[in-house]
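What follows is the residue order along each chain.
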Amino acid sequence: MTVIGGGIAGLCAAIAARRGGAAVRLVEAAPRPLRGGNARHGRNFRLTHETPLDYVPDTYTAAELRAELHNTTGDTDRALTELLIERADSIAGWLINHGVHLQPPGSGVMPYSRRTAFPLGGGKAMINALYATANRMGVAISYDSEARSLQRAEDEGWTINVRSAGADAAIRTRSVVVCAGGPGADPAWLHENLGSAAAGWMIRGTPYSDGRLLDLLIAAGGCAIGDPTTCHVVPVDARGPQFDGGIVTRITSIPLGLVVDRSGARIDVAGAGSQPTHYAKWGPRIAACPGQLAYLILDTDGLARAAPSALAPITAPGLSDLAAMLAIDPAALLQSIDHFNATPANSTRTIAEPPFAAYPMRPGLTFVHYGIKVDATMRVVRADGSRHDDLFAAGMIMAANVLRRGYLAGLGITLSAVFGQIAGEEAARHVHG
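Residues numbered from 1 in each chain as written. Predicted model: local features only at pLDDT ≥ 70, side-chain atom pairs only at ≥ 80, totals over all residues. Heavy atoms only, no water.

Undergrad: So, the sheet that holds strand E8 (residues 167-173): which residues are in play, and what are the values?
TA: Pairing in this open sheet of 3 strands is antiparallel, and the strands run E6-E7-E8 from one edge to the other. The sheet terminates laterally at strand E6 (145-152) and E8, the two strands that pair on one side only. On average, each strand axis in the sheet is tilted by 25° relative to the strand beside it, whichever way the strands run. By the bridge criterion, 7 bridges tie strand E7 (residues 158-164) to E8 in an arrangement that is antiparallel. (Pairing = 2+ DSSP bridges. Helix = DSSP H or I, 4+ residues; strand = E, 2+ residues; numbered from the N terminus. Axes fitted to C-alpha atoms, helices over the stretch in contact; angles between N-to-C directions.)

Undergrad: Lay out the pattern of salt bridges in plain terms, naming residues and giving numbers.
TA: Taken as a whole and assessed by the stated rule, the structure comprises 19 salt bridges. Put simply, glutamate 156 and arginine 174 hold a salt bridge, and the shortest N to O gap is 3.9 Å. On the criterion of sequence distance, the pair formed by glutamate 156 in the loop between E6 and E7 and arginine 174 in the loop between E8 and strand E9 (176-178) is long-range, its members being 18 residues apart. Classification of glutamate 156 by relative accessible area gives partly exposed; the value is 45%. Between aspartate 268 and arginine 266 there is a salt bridge; the shortest N-O distance is 3.2 Å. Assessed through its relative accessible area of 27%, arginine 266 is described here as partly exposed. Connected through shared salt-bridge partners, Glu146, Arg148, Asp210 and Arg212 make up one network. (Salt bridge = Lys/Arg side-chain N within 4 Å of Asp/Glu carboxyl O. Buried < 20%, exposed > 50% of the residue type's maximum accessible area, 1.4 Å probe, protein only.)

Undergrad: Can you break down unusual backbone geometry residue by residue, with the values?
TA: The amide bond that connects proline 354 to the next residue, proline 355, takes the cis arrangement and shows omega of -5°. Notably, methionine 378 is not glycine yet its phi reads approximately 70°, a positive angle. Mapped onto the elements, methionine 378 comes out in the loop between strand E16 (356-372) and strand E17 (379-381). Judged by relative accessible area, which is 0%, methionine 378 ranks as buried.

Undergrad: Provide a residue-level description of the side chain of glutamate 68, including the pertinent values.
TA: Within the secondary structure, glutamate 68 is located in helix H2 (residues 62-73). There is a polar contact of 2.9 Å between the side chain of glutamate 68 and the side chain of arginine 46. When near neighbours in sequence (up to four residues on either side) are disregarded, glutamate 68 contacts Arg46, Tyr60, Arg115 and Leu408. (Polar contact = N/O pair within 3.5 Å; in protein donor to acceptor, adjacent residues only side chain to side chain. Contact = heavy atoms within 4.5 Å.)

Everything listed here is a matter of geometry and, on its own, says nothing about what the molecule does.
Here it is in C-alpha cells:
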C-alpha cells in the first residue's frame, strides 16, 4: 500500500499499516530537511485524561472536549467527532510507544495546560522520532516525490504517477492513503476562493500543502466537504517568510497594546479579550485592513510583558519617531493613542512609557475549512454517497468533516494522528482481506 504525504497523519498511517502487516511506501513531496508537513511547527496536541499523568496535569474529560468541540465547530460529522473524542485519551501513549518524548508539566518555557501535552523538543523532534520508527519498521520512504496523478488500475488498486528528480515513475498499489494536507498553500487557489486580498496573506505552514491531492481525490469521484472561503487565520509578523513561519512568527501580545492600520487609525475586535484564543479573532480583522497590514503598538511596560518573538520589534524613543519608521502619519497615530489612553477600559494598559515598540502584522493562514468527505473508516466517500473500498484520506485534507469552522488549540495534531492511525489500520486490513 502507499501513503501520500509525510506529515503526522501520513507517518501515523504508515506505522499503523506496517504494524498491521502491510508493506508500505510513503511518498513525501518535500525534501528530507523539510519533511513533516505543518506538524513540524506544532508545539502541543490535545488529549483527554481522567487523572494527572507524567506529561499533563489535572484532568480533561471526554465530556469537556465534546462540549468545546460543539461550541467551537458547530455542525460536524457526529460519528467522526465521537471517534476523535474516543481516541483522544490514547494518542499520547501511542506516540510515546513509537518514539516520541513528552515534556513534563511545569518544565521548560511551554505554558501550563491540562488540555494539551507538549512534545519534548517541539514538533520537529516529534516528526523525527516517528520517521526513525517508520524506518526501523521497514517503511520505504521517498522524498522529493510529488504524486501528480491517481488513476484506477485496470484490474484492482491504483496507479500513482510520481515525479522525482524531474523524472516520472508509476507506482502500482492495492490501496492508497492520502495525507497530503488541505488546500491553502497555492496562491492561485487562495485568489480563486478568498479573493485578491489573499495576496497580502502569509502561509504559516508548508508550501507543499497546495490542494492538488484534494483535486485528484475529487477527480476520482470523491465528495468535497466544507467551505473553501472560510479558514483559520491569525496575526503573524509581516516580516516573516511567506511560507513556513510556523508558531514562532505568531503575534500573541495584542492584549498588551494598541492596534492601528496603515493610516494610523485604531482598530479593535469586539470580544477578543485577553484569552489565549484572542489571536483567532484578530486574524480575520487584520485581513480586512487596507493592504492586509496592521501594527501592534506597545510601550516599554507592554513590551516587557510580551512573549518572546522570533523577530525583534521595531523600537523608537518617541511615538513620532516610531510613526516615521512605520510610514504612518504621526498625527493620526498620536490621536489614536490619546483616545486609547483616555478610555477607562484601557486604564491598565496605556501606551505611555518610552521607548515604544511596534510589530507589523499580516494575516497568517493556518488551514482552510474545506476538504474531502470520508466515513468512519477514513474511506473516501463519493458524491453519490457510496465509498471507495481502497482509497483513504486522513489529516487536514479531511479535517472539515470535524472542523467546519473555528479551531481548538492542539487539535490539528490530535486529529491527524488519530485519523492517520485509523486509515493505516483499515488500509492494512483491506490489503490482507
